[in-house]
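Breakdown of the fold
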Amino acid sequence: MAPPREKATRTASVAGAVVPMVSARSAQGVPIESSGPPEATRAPARRSGRPGEKPRGRAPPSRAEDQAEGAAAPTREGEPPAAPGPPLPSSGSHRQGSVRATRERRPLPSPVEVPGPTESRGPLVPNPGRGLREAAPGAWKLRAVLEQLRLSRREISAAVEVVNRVVDHLLRKLQQGCESEFRGVGLLRTGSYYERVKVSAPNEFDVMFKLEVPRIELQEYANSGTHYFVKFKRNPKGDPLNQFLEGEILSASKMLSKFRAVIKEEIKNIEADTDVIVERKKKGSPAVTLLMRKPMEISVDITLALESKGSWPASTLNGLPINRWLGVKVRNDMRRRPFYLVPKHAREGSGFQEETWRLSFSHVEKDLLKNHGQAKTCCETDGVKCCRKDCLKLMKYLLEQLKKKFGKRKELTKFCSYHVKTAFFHVCTQDPCDSQWLSGDLELCFDKCVTYFLQCLRTEQLQHYFIPTVNLFAPDQIDKASKEFLSKQIEDQRNNGFPVFGAF
């Protein structure tokens, strides 16, 4: 008999006043949009361990328009490619014969064996209160982990005050003078602080400075889907951006170098009580990193982004598969928004093609996380709380802690939080209903996110959420040995109650 479910402590949201970043809805029987690895990774519904408790019914969609959209077949534009590989049987799906899911669920396809040492997985994963697995000694309660991740308002406020002062100073100086190359620059509020999913120390910030450019033409680099050469359709004489042209191409490296030089000069004029230096340039990085040593130690990554109000590139046509999650109308509205290009160069042999720019959709990612529920009131004060963002925080923290634990191992150097976020978005597409992310089902939902990410590692398939032709786990991006190493470490953590959550 499953142990009684312990009452989870409600986790307060991440601090409210945060600064600019600085560095199946599906009606029953309606197929769900494919999003990378198949549905078989979805963990089953659970029942409470309390005797005599009535099963909860599925919460209906909150809006009539959501119900109408959910029943519609996806448009060609929003339909992602077929799943990349065979489904992986989730270790969270094994139940005792007497236990049945009380909530109504869609029938799952029969699991298919995936090559791998499944026999040596060890004990079942602990998930307190779920009755699905035996609890390992010292297993971490996920609510307690989330409480640990809450950033101190006092720490945030102190760091924010310093960062805002420096950023405001730089913006004013960049905007001054009619001859300034960056006179139209503005602040783009994106990143994990604005998404409220930041799990690292509060003294690390990301900032994006946006610069609108006139009508541009993009030339895709080597069928990459992500990297482009930028040309002006019309280039009037006297335009200050002309100095960055290499022939007809707007040079990313030239523009980044000038941006860096302007910032390096301007920080000399910042108040004496703020000690700021520019860190040495990192090869291949699109950011200018500021290190503040007084009044406190803070690291700020500032990235320049070109803003284009034209149509999104053709490589994105079948991306953003949110038709059944947030609706066709929301998707169309998002695709009418500007897109951005950052000076992150494409790899070319052992070096980089330094004239290329990379597409960025960080502003859309922020909106997806801010308005993540099918119901408009999801996670609002008077609305039903879900655990989507909590699951993303835990996934990011898991990767971050593993990278700390194996800091000297090269296998983890190419993995980043963007891989975790991309996998998370695919799970949201796979399970679009708010009722599939109830706050009380945190352990179950986190487990299905872990299972999905493991499937991506094993099949070497992680589809870019906006550019579906791009595989972020392709062999030329991350070698197989590194993916096998991370997969093994995550499995070990899951089988032992995630001890890494209590380390460091």
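Because the structure is a prediction, the values reported are computed rather than measured.

Here's the deal with the pairing of strand 9 (residues 298-308)
Taken across its eleven residues, strand 9 has ten buried, putting it largely inside the fold. Here strand 2 (residues 204-212) pairs with strand 9 via nine bridges, running parallel. When the sheet's bridge partners are listed, Met 208 is paired in strand 9 with Thr 303. Here strand 8 (residues 287-294) pairs with strand 9 via six bridges, running antiparallel. Residue pairing for strand 9: Leu 291 is matched across the bridge by Ser 299. In this structure, the hairpin formed by strand 8 and strand 9 is closed by a connection of three residues. Sheet topology note: the strand 9/strand 10 (residues 339-342) ladder contains three bridges and is antiparallel. Within the sheet, the bridge partner assigned to Ser 308 lies in strand 10 and is Phe 339.

Side note on the packing of helix 10 (residues 442-459) against helix 11 (residues 480-495)
For any two helices packed against each other, one specifies the inter-axial angle together with the distance between the axes. For the pair helix 10 and helix 11, interaxial distance at closest approach is 9 Å and the crossing angle is 155°. By the criterion of interaxial angle, the relationship of helix 10 to helix 11 is roughly antiparallel. Here helix 10 and helix 11 pass one another in a crossing that is left-handed. Here Asp 447, Val 450, Thr 451, Phe 453, Leu 454, Leu 457 and Arg 458 of helix 10 come into contact with helix 11, specifically with Lys 483, Leu 486, Ser 487, Ile 490, Glu 491 and Arg 494. Class assignment of the residues belonging to the contact of helix 10 with helix 11 gives a composition of six nonpolar, two polar and five charged.

Considering the environment of Phe 259
By secondary structure assignment, the location of Phe 259 is in helix 5 (residues 252-266). Judged by relative accessible area, which is 0%, Phe 259 ranks as buried. Phe 259 sits 85 residues away from Leu 174 along the chain, and the two C-alpha atoms are 9.2 Å apart.

As for unusual backbone geometry
In this structure, Ala 222 is a non-glycine residue whose phi angle is positive, near 50°. Tracing the backbone shows Ala 222 in the loop between strand 3 (216-220) and strand 4 (227-232). Although it is not a glycine, Glu 460 sits at a positive phi angle of roughly 55°. Here Glu 460 shows up in the loop between helix 10 and helix 11.

Criteria and thresholds
- Residues numbered from 1 in each chain as written.
- Predicted model: local features only at pLDDT ≥ 70, side-chain atom pairs only at ≥ 80, totals over all residues.
- Heavy atoms only, no water.
- Buried < 20%, exposed > 50% of the residue type's maximum accessible area, 1.4 Å probe, protein only.
- Helix = DSSP H or I, 4+ residues; strand = E, 2+ residues; numbered from the N terminus.
- Pairing = 2+ DSSP bridges.
- Axes fitted to C-alpha atoms, helices over the stretch in contact; angles between N-to-C directions.
- Parallel < 35°, antiparallel > 145°, perpendicular 65-115°, else oblique.
- Left-handed = near helix turned anticlockwise from the far one by under 90°.
- Contact = heavy atoms within 4.5 Å.
- Nonpolar A, V, L, I, M, F, W, Y, C, P; charged D, E, K, R; others polar.

Everything listed here is a matter of geometry and, on its own, says nothing about what the molecule does.
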